[in-house]
Amino acid sequence: MEKHYRHELKYSISYSEYIAMRNRLRNIMISDPHTDSTGLYQIRSIYFDNSDDKALREKIDGIQKREKFRIRYYNDDFSFITLEKKMKINDLCLKYDARIAESECRKILEGDLEFMKDSPHELVKELYAKMRYQRLVPRVLVSYVREPYIYKAGNVRVTFDSKIRTSLYNREFLIKDVKDISAADNPEDMILEVKYDAFLPSVIQDLIQVNNMTRQAFSKYGVCRRFG
């Protein structure tokens, strides 16, 4: 499937706003089929950056065109791990991903990179080059709980993210008992993300009432990097 840029909007909302909005959304949107019986799933990601904090500084400085690499898995299931590259131009984002094995992930985290040169995935080869020449290394673990909803028209995806946590050590990745800490200023606050293709249907605009909220340049990676 051909990749294309999508719109991505972020808002910080209170717990009460989340409850009201979720109740409205459930009348027209459906829960993502990958969630569990509670309509949630947990995401853990390890983000890459170099010793100059290139990715972090580009975010803080508001650089319009930027990219970042991460490795991600869901619900502590090590059988499905993806390497992702997220590119962003203002409010537009594009994501490339490649499936990697648990053993390959562990090699990358340990700095054993030679296998990456012969990978069938171009994204793995690109990360190898940038780990070699841009000095990218695993920097921080980011964990959170996501409640996702989808709407077919406009390919809309609305998610509520909460319980953002981090570990001081990236070696906490790929273990069942992660020792992490809260990274949020207020643990009850939620991050609303709205993603869509060419247009956001008016019915969704009415349900989430984004015109009444203040946009946030929120970065889970940036919040978690406050700790190291």
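Remember, it's a predicted structure, so these values are computed and weren't measured experimentally.

Counted by the stated rule, this structure contains 31 salt bridges. Residue Lys95 is joined to Glu84 by a salt bridge in which the shortest nitrogen-to-oxygen separation is 3.8 Å. You can see Lys95 sitting in strand 6 (residues 92–100) and its partner Glu84 sitting in strand 5 (residues 81–89), a full 11 residues away along the chain. By relative accessible area, which is 3% here, Glu84 ends up buried. Between Glu114 and Lys117 there is a salt bridge, with its nearest N and O atoms 2.8 Å apart. For Glu114, a relative accessible area of 38% puts it in the partly exposed group. Put simply, Glu8, Lys10, Lys86, Lys88, Arg146, Asp161, Glu193, Lys195 and Lys220 are held in one network by salt bridges that share partners.

All right, on to helix 1 (residues 15–25) then. Of the positions making up helix 1, those classed as buried are Tyr18, Met21, Arg22 and Leu25. Down the axis of helix 1, the buried set is contained in an arc of 105°. They therefore lie on one face. Where helix 1 is buried, its residues meet strand 1 (6–13), strand 7 (137–151), strand 8 (156–167), strand 10 (190–196) and helix 5 (202–208).

Here we take up the pairing of strand 7. Two faces, one strand: in a regular strand the side chains alternate between the faces of the sheet. Of all the 15 residues making up strand 7, 11 are buried; the element is thus mostly covered by neighbouring parts of the structure. One ladder, built from 9 bridges, connects strand 3 (residues 41–49) with strand 7; its direction is antiparallel. Looking at strand 7, one finds that Ile43 is bridged to Tyr144. Here strand 7 runs beside strand 8; their pairing, made up of 10 bridges, is antiparallel.

About the thresholds
- Sequence order sets the numbering: in each chain, residues are counted from 1 along the sequence as written.
- Totals for whole chains, interfaces and linings use every residue, but because this is a predicted model, local features are given only for residues with pLDDT of at least 70 and side-chain atom pairs only at 80 or more, for both listing and counting.
- Only hydrogens and water are set aside; all other atoms, that is, all heavy atoms of the structure, feed into the side-chain values.
- Salt bridge, as used here, is a side-chain nitrogen of Lys or Arg placed within 4 Å of a carboxyl oxygen of Asp or Glu.
- Elements are defined by DSSP. Helices are runs of H or I of four residues or more, strands are runs of E of two residues or more, and each kind is numbered from the N terminus.
- When accessible area is computed with a 1.4 Å probe and restricted to protein chains, residues below 20% of their type maximum are described as buried, those above 50% as exposed, and intermediate ones as partly exposed.
- For this quantity, the arc is that covered by the directions from the helix axis to the C-beta atoms.
- Every residue pair with non-hydrogen atoms within 4.5 Å of one another is taken to be in contact.
- Two strands pair under a simple rule: DSSP has to find at least two bridges between them.

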